[in-house]
Amino acid sequence: MTSSQVSIPLQGVRIEACLTGLGSEVTVTQRYTNLETIDVEAVYVFPLEEGAAVCGFTARVGDRLIRGRVEEREKAFEVYDDAMAAGHGAFLLDQERPNIFTVSVGNLRPQQSIDIAITYVTLLAFEGAAVRLLIPTTVSSRYVPAGPPEVGQPDGEHVNPPAQETVPYGLTLTVEIRDTNMTQIESPSHAIRTTPHPHGTTVTLASEQVALDRDFILLMRPEDVHQPVAHVAREADGTLCAMVTFHPQPLGIPSRGNEVLFLLDCSGSMQGDSIAQAQRALALCVRALATHDSFNIVCFGSHFTSLWPAPRPYSQASLEEATQYIQQVRADLGGTEILAPLQHLLQMAPDPERPRQVLILTDGEVGNEADVIDLCGRYATTARVFAFGIGAGVSEHLVRGVARASHGAAAFIYPGERIEPKVLRMFGRVHTPAFKHVHIDWGSLEVEQAPAACPPVFGGDSLTVLGRLKGGTTDKVILHADAHMWEVPITLEQPETGGPIPTLWARHRIRDLEGRHGAPLRGSTQAHRKADRSIAQLVELGQRYGLLSSATSYVAVEERSDADKTTTQAVLRKVPIAITQGWHGRGSVFPSMAAVRQVGMALPAPASSPLLEVEFQAKASAHDGTEQLSAKRRLTQALGIGNTLAEWWAQPPQRIGERQHATTADRLFATADRLFELLMTQQADGSFRLSPVLQQWLGQRWPAVQAAAGHHGEALVATAVVVALLAREAANRADEWGPAVAKAQHWLAQQGHHIAVETLL
């Protein structure tokens, strides 16, 4: 329990989440025990979701439950310091970034134990047809660019706590899903157990305790995907708040070409898992470009370099050159200096024929997030930024922030997740104009809306808006987007009491206000007065709804008798955190899962019998298994993962305590299966050629296809065969191959010949 021979006061973290619809309420409980003989002040830096509305802070001291209160930030620090000086117990929760927080436990007496509980609510996000729950557990080390001297503690220290390879405390986690309509539940990050019950499902970790060295991710697929809905809740004073979710459909407007600029993070923190995932994602991105696009690739670290001096038209030659370049990329460019290359791309003279789209692939581990987000916002009228967050401990704030500021979109790729659907969904947005003129018609209702201005929205994505209702009535809410409209019925007569909706409204309102004064103030006194008004509103909202923000903090005091007061100055103990798995090439998420070898939804044992002990069964014959293993070995080499994962795959099946649907190895292999390999053979013009991967897929049908290609032409037959083959044998993954097939069909239509390939298949 020590770090450099000093006791670590944090004993463990327990997380309990409750999911209802698209809302989640999460409580993070941290247990602190002072094992030293002196009084200490424990300080722990930890992550929460970027959109979290932190609405509860308590300290349990023995039998006493002390509730924290929200104060203006400087006042909260003053209350904390005064309590410390007076010898009382003091507890402070402060926001360093929207996704990084610091808890301070002051005057922790020898042998005293205290439980700190932080509660937050947040909205879940759709990822394709699945709902994604993210619970961050680690703060990856941030690169802090050099800047002017700072007074007091440098800002970088606030987001870079001390870190160790391992720490003695761990995580226990439970998720209650109060929804019986979830058809699939799985985690790409951790081995889990699921227990269905009449009101939903309970999800726990397969191990009693795990390290806090990677984010926890849970994917759930509801049966009623993308149903528009409106909910209304009543606050304690009778005020109504509404939450309305729309799902506008894509219009299918063809792209006339884009200037696509890829910005790839090749800093040292991307070594290992992250750069391997980024290379595969970028390779597929380049294949997903359209005929009329132009593109370029810029790699950055301490400096940046580009594939070409200027963007080039998308062609077979440029595709092949880019593919070779991507294969040679390494994460060896030093620190994460993202601002300079991003500014370089955004300041370039625009292409008058092609809208500019910037795609960033990064782990986001920088300390100057505000400057990067502000830069993207300043160029939002000339460039949209789409960001892929890659790794086991991504900075969600940076990735979502640059996309939000520039009217782009964000996606996250966890090590081992299937890349294809994420990349192709993102390119669907890149090649589709967003609805720009978006507003909500609340009928005769008087509404304070959050966000106040609706962002541009992409067809096929969801849009959730919240409103605090001040009067009036209506039976529907209408989304207007350009010349289109969608409506959702709403009922005001029977609102639910309490719930997360009022708190979520306040959190979104706070984000609006923080956006106004988040950048450094320059210029007029009037600007300073506006900022002062925004800060006053932040404090008022924070105190009314009990919410943490950039202007407010939580503070609590344990009043002590004279006999129990601390009489000497407490010694500072900074709690070290575990280094993120895969960060800077340290370790890998894949091998660390090998001890459990299971991910996914568990099948419950019959109630009348103990848990079944079963053995994984091979899905193929011994001969097929040999071929599959060989392919998996090739995959480990392609991904740069090394021999560890190949050896893991080669192990015989293990006996486990519960049946599971899939192993992590199977899920990883699925990300680089024959579909991915086949898509990677598509030519720039959309056509396909006869290839070893197509031959392997076709098997005994290959000679007939070869013969047809000799008569009608290789490209024509191969392309027609691939289109028919995917529709027939990979229909369940149409969201992945859809854009590629659309390009192929466009190419076929241009050839003026129809080849009947059905008889060949």
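Remember, it's a predicted structure, so these values are computed and weren't measured experimentally.

Calculation rules
- Residues numbered from 1 in each chain as written.
- Predicted model: local features only at pLDDT ≥ 70, side-chain atom pairs only at ≥ 80, totals over all residues.
- Heavy atoms only, no water.
- Helix = DSSP H or I, 4+ residues; strand = E, 2+ residues; numbered from the N terminus.
- Contact = heavy atoms within 4.5 Å.
- Phe/Tyr/Trp six-rings, centres within 6.5 Å; stacked < 30°, edge-to-face > 60°.
- Buried < 20%, exposed > 50% of the residue type's maximum accessible area, 1.4 Å probe, protein only.
- Lys NZ or Arg CZ within 6 Å of the ring centre and 35° of its normal.
- Pairing = 2+ DSSP bridges.
- Axes fitted to C-alpha atoms, helices over the stretch in contact; angles between N-to-C directions.
- Core = buried A, V, L, I, M, F, W, Y, C linked by side-chain atoms within 4.5 Å.
- Expected span 1.5 Å × (residues − 1).
- Polar contact = N/O pair within 3.5 Å; in protein donor to acceptor, adjacent residues only side chain to side chain.
- Right-handed = clockwise from strand over helix to strand, strands pointing away.
- Salt bridge = Lys/Arg side-chain N within 4 Å of Asp/Glu carboxyl O.

Teacher, can you tell me more about the environment of Val423 here?
Inspection of the secondary structure puts Val423 in helix α8 (residues 420-430). Counting along the chain gives twelve residues from Val423 to Ala411, while the straight-line C-alpha distance between them is 8.5 Å. For Val423, the residues in contact, after removing those within four places along its chain, are Ala281, Leu284, Cys285 and Phe388.

It is not clear to me how the packing of aromatic side chains should be interpreted in this structure. Could you clarify?
To describe a pair of aromatic rings, one takes the distance between the centres and the angle between the planes. In total, this model carries ten aromatic pairs according to the counting rule given. The interplanar angle of 80° and the centroid separation of 6.1 Å between the aromatic rings of Tyr44 and Tyr169 together place this pair among those described as edge-to-face. With Tyr44 in strand β5 (residues 40-47) and Tyr169 in the loop between β14 (163-164) and β15 (171-177), this pair connects stretches of sequence that are 125 residues apart. Accessibility classification places Tyr44 together with Tyr169 in one group, the buried group. Judged by centre distance (6.4 Å) and plane angle (35°), the rings of Phe262 and Phe427 are tilted. Remark: Phe427 occurs in helix α8 and Phe262 occurs in strand β22 (residues 259-265); sequence separation between them is 165 residues. Comparing Phe262 with Phe427 shows no difference in burial state: the two are buried. Just above the ring of Phe676 sits the side chain of Arg280; from NZ or CZ to the centre is 4.4 Å. Note that Arg674 overlies the ring of Trp697, its terminal NZ or CZ placed 4.3 Å from the centroid.

Looking at this model, I keep getting lost on the sheet that holds strand β29 (residues 438-441). Mind explaining?
Sheet strands associate in pairs through backbone hydrogen bonding, adopting either a parallel or an antiparallel arrangement. Taken in spatial order, the three strands make up an open sheet running β29-β32-β33, and their pairing is antiparallel. Both outer strands of the open sheet, β29 and β33 (484-489), are each paired with one neighbouring strand and no more. Recorded for the sheet is a direction-independent mean angle of 20° between the axes of neighbouring strands. As paired elements, strand β32 (residues 476-481) and β33 share six bridges and run antiparallel to each other.

Teacher, can you tell me more about the nonpolar core here?
Formed by 61 residues in total, the largest nonpolar core has its most connected members in Tyr44, Phe91, Leu93, Ile116, Val175, Leu218 and Met220. Beyond its immediate chain neighbours, meaning those up to four positions away, Leu218 contacts Val131, Arg132, Leu133, Val175, Ile177, Ile185, Glu186, Ser187, Ile192 and Val203. In this structure, Cys266, Leu333, Leu361 and Phe388 belong to the second largest nonpolar core, which totals 47 residues.

It is not clear to me how helix α1 (residues 73-85) should be interpreted in this structure. Could you clarify?
Residues lying three or four places apart along an α-helix face the same way, a consequence of the helix completing one turn every 3.6 residues. Helix length check: α1 (13 residues) gives 19 Å between terminal C-alpha atoms against 18 Å at 1.5 Å per residue, within 8%. Elements that come into contact with the buried residues of α1 comprise β5, β8 (69-72), β9 (89-97), β10 (100-108) and β35 (552-558). The distance from a side-chain oxygen at the start of α1 to the backbone nitrogen of Glu74 is 3.2 Å, and the residue carrying that oxygen is Glu72. Backbone geometry just after α1 places Gly87 at a positive phi near 90°.

Which parts of the structure should I look at to understand the sheet that holds β35?
Strand order in the open sheet formed by six strands is β8-β35-β9-β10-β5-β36, with mixed pairing between adjacent strands. Looking at which strands have only one partner, the edges of the open sheet turn out to be β8 and β36 (571-574). Taking each pair of neighbouring strands and ignoring which way they run, the sheet shows an average axis angle of 25°. Taken strand by strand, α1 contacts β5, β8, β9, β10 and β35, and its axis lies near 150° from that of β9.

Sorry if this is basic, but what is going on with the pairing of strand β28 (residues 409-413) here?
Each regular strand carries side chains that alternate between the two faces of the sheet. Burial of β28 is extensive: four of the five residues sit out of reach of the surface. In terms of strand pairing, strand β27 (residues 383-390) meets β28 through five bridges, oriented parallel. For Phe386, the partnering residue across the bridge sits in β28 and is Ala409. Handedness of the β-α-β unit built from β27, helix α7 (residues 396-406) and β28 comes out right-handed.

Quick question: what am I supposed to make of the pattern of salt bridges here?
Pairs may arise between side chains of opposite charge once their charged atoms sit close together. Tallied over the entire structure, the rule returns 31 salt bridges. Note that Arg354 and Asp351 form a salt bridge whose closest N and O atoms lie 3.0 Å from each other. A salt bridge links Asp374 to Arg378, with the nearest nitrogen and oxygen atoms 2.7 Å apart. Of this pair, Asp374 and Arg378 both sit in helix α6 (residues 369-378), four residues apart, which is roughly one turn of that helix. Assessed through its relative accessible area of 32%, Asp374 is described here as partly exposed. Salt bridges sharing partners connect three or more residues here, namely Glu127, Arg132, Glu417 and Lys422.

Can you help me understand the pairing of strand β13 (residues 130-135) in this one?
Most of β13 sits inside the fold, with six of its six residues counted as buried. Here β13 shows a buried face lined by Ala130, Arg132 and Leu134 and a second buried face lined by Val131, Leu133 and Ile135. Across three bridges, strand β12 (residues 125-127) lies against β13 in antiparallel orientation. Note that in β13 the partner of Phe126 across the bridge is Val131. The antiparallel pairing of β12 with β13 creates a hairpin that spans two residues between the two strands, and Gly128 there sits at a positive phi of about 65°. Taken together, the five bridges between β13 and strand β19 (residues 216-222) define a ladder with antiparallel strand orientation. From the neighbouring strand, Leu133 faces β19, where its bridge partner is Leu218.

The quantities given are spatial measurements derived from coordinates; they are silent on function.
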